[in-house]
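Below are the chains, spelled out letter by letter.
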Amino acid sequence: LNLVYTHAAGSIQWFWFPCFQILESVRPAAAKLGLESPLQLWGYFISRCKRNLHVVLCMSPIGNAFRERLRANPSLVNCCTIDWFGSWPEDALEAVALKQLKEIDLDADTRQTLVRLCQAIHVQVQDASERFLAELGKHNYVTPTSYLELLSALKSLLESKRQANAAARKRYNVGLEKLAGSAAQVAGMQQELVAMQPQLVATVAEVEELMAKIAHEKKVKVEPKAAVVREEEARAQEKAAAAKAIKDECEADLAEVDQGIGG
C-alpha cells in the first residue's frame, strides 16, 4: 500500500530523506538534465519511480476486508486500474490444472482424466453454490483460490497414497523374501534327510539288532538269575518266619518266669 501511496502522493513514507545512496545512484542521469541539488535529485528519483514502477495487487472481494482497505486507502481506487476477475473459464481451469499436475509422475491419460475431474468438481461446486444462494439466500464463495486448494489437496492425497503403497509393497517384498528363504531352508533340510536316509536305515537295523541281543541275554542270563534270587528270597523269608516264631515262644516263656519270680 505504501507503493500505491508513492504513485498518489509522489513520496515514499518509509524512506529516510535524504537517502544518499539513492541520490548518488541517480546523479549521473539527473546531471544530463541539469539537476544537481538534493531536492532536484530526489524529485527526479520520485518521477522515475512513478513512471517505471508497476505494482499488481491481488485482493479478494469477499467479506468486509476489501471494503475496509478501500476506505483506509482511497488511492486503491483513485490511482489504480481495477480489473475484476470472475470465475475462470474451462480452458483456464484446464491450463492451471495441467501446470499444477505437470510435475507429478503420471501418464498422459491419467493426467488428463484428473484434469477433467478437477474441472468437473469445481464447476459442480459453483453450480451448487448458485442454487444455494437462490434457495437460501446465503453465499458460498467459490474462488480461483478454492480451485488451487483443490489441486493442492489432490497432489497431497496422491503423494500420501503413493507413500502408503510403497510401504505396503516393501512389506510385501520382504515377506516374499522371507518365504523364499524359508523354502530354500526346507529344501536343504529335505536334501539332508534324503542323504541321511541310508544312515538312518542302518541305525534302525543296528538298534533292532541290539534290542534282540538284549532280549536274548535277558532270557538266557537275567531271568534264570532272577529265578534263583526269588528262590533264595523265599527261603530267607521262611527262615525269618521260623526265627520269629522261636523268638515269640522264648518271649512267652520269659514272661511266665518273670511272673513266677514276682509271685
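In this text the structure is predicted, and so the values were computed from the model without any measurement.

Participant: Help me understand the overall build of the protein in this model?
Facilitator: Tallying secondary structure elements over the protein gives eight helices and zero strands in all. Its helices and strands taken in sequence order, the protein reads α-α-α-α-α-α-α-α from the N to the C terminus. The C-alpha atoms of the protein give 55 Å as radius of gyration, which overshoots the globular expectation for 263 residues (18 Å, by more than 25%). Taken over the C-alpha atoms alone, the protein extends approximately 165 × 70 × 60 Å along its principal axes.

Participant: Teacher, can you tell me more about the packing of helix 6 (residues 90-101) against helix 7 (residues 108-136) here?
Facilitator: The angle between the axes and the distance between the axes are what describe a pair of packed helices. Running from N to C, helix 6 and helix 7 point in directions that differ by 130°, and their axes come no closer than 9 Å. In terms of axis orientation, helix 6 runs oblique to helix 7. Along this stretch, helix 6 crosses helix 7, giving a crossing that reads as right-handed. Touching E90, L93, E94, A97, L98 and L101 of helix 6 are R111, Q112, L114, V115, Q119, H122 and V123, all from helix 7. In the contact of helix 6 with helix 7, the residues fall into seven nonpolar, three polar and three charged.

Participant: Any chance you could explain the side chain of Q119 here in plain terms?
Facilitator: Looking at the secondary structure, you find Q119 in helix 7. Owing to a relative accessible area of 13%, Q119 belongs among the buried residues under this scheme. Ignoring any residue separated from it by four or fewer positions in sequence, one finds Q119 in contact with E90, L93, E94 and Y147.

Participant: Please clarify how a nonpolar patch on the surface should be interpreted in this entry.
Facilitator: A cluster of nonpolar side chains, contributed by V207, L210, M211 and I214, occupies part of the molecular surface with about 380 Å² of accessible area. Inspection of the secondary structure puts I214 in helix 8 (residues 144-262).

What counts as what
- Residue numbering note: each chain is counted from 1, following its sequence as written.
- Reporting of local features is limited, given that this is a predicted model, to residues whose pLDDT is at least 70; pairs of side-chain atoms are given and counted only at 80 or more, and all residues count toward the totals for whole chains, interfaces and linings.
- No hydrogens and no water enter the side-chain calculation; it runs on all heavy atoms of the structure.
- The helix and strand labels rest on DSSP assignments: H or I over at least four residues marks a helix, E over at least two residues marks a strand, and numbering proceeds from the N terminus.
- Values of the radius of gyration come from C-alpha atoms, whereas the globule rule sets the reference at 2.2 Å times the count of residues to the power 0.38.
- What counts as an axis is a line fitted to C-alpha atoms, over the stretch in contact for a helix, and the angles between N-to-C directions run from 0 to 180 degrees.
- In what follows, roughly perpendicular refers to angles from 65 to 115 degrees, roughly parallel to angles under 35, roughly antiparallel to angles over 145, and oblique to any angle outside these ranges.
- In this scheme the handedness of a crossing depends on how the near helix is turned from the far one: anticlockwise by less than a right angle means left-handed, clockwise means right-handed.
- Between two residues, a contact is recorded if the distance between any of their heavy atoms is within 4.5 Å.
- Polar here means any residue other than Ala, Val, Leu, Ile, Met, Phe, Trp, Tyr, Cys and Pro, which are nonpolar, and Asp, Glu, Lys and Arg, which are charged; Gly is therefore polar.
- Any residue under 20% of the maximum accessible area for its type is buried, any over 50% is exposed, and the rest in between are partly exposed; the area is computed with a 1.4 Å probe on protein chains only.
- Residues forming no salt bridge and having over 30% relative accessible area are the ones grouped into patches, like charges within 9 Å of each other and nonpolar side chains (Val, Leu, Ile, Met, Phe, Trp, Tyr) within 5 Å.
- Methods summary: accessible areas were calculated by the Shrake-Rupley approach with a probe of 1.4 Å, and residue burial reflects only the protein chains presented.
- The term salt bridge refers to a pairing of a side-chain nitrogen on Lys or Arg with a carboxyl oxygen on Asp or Glu at a separation within 4 Å.

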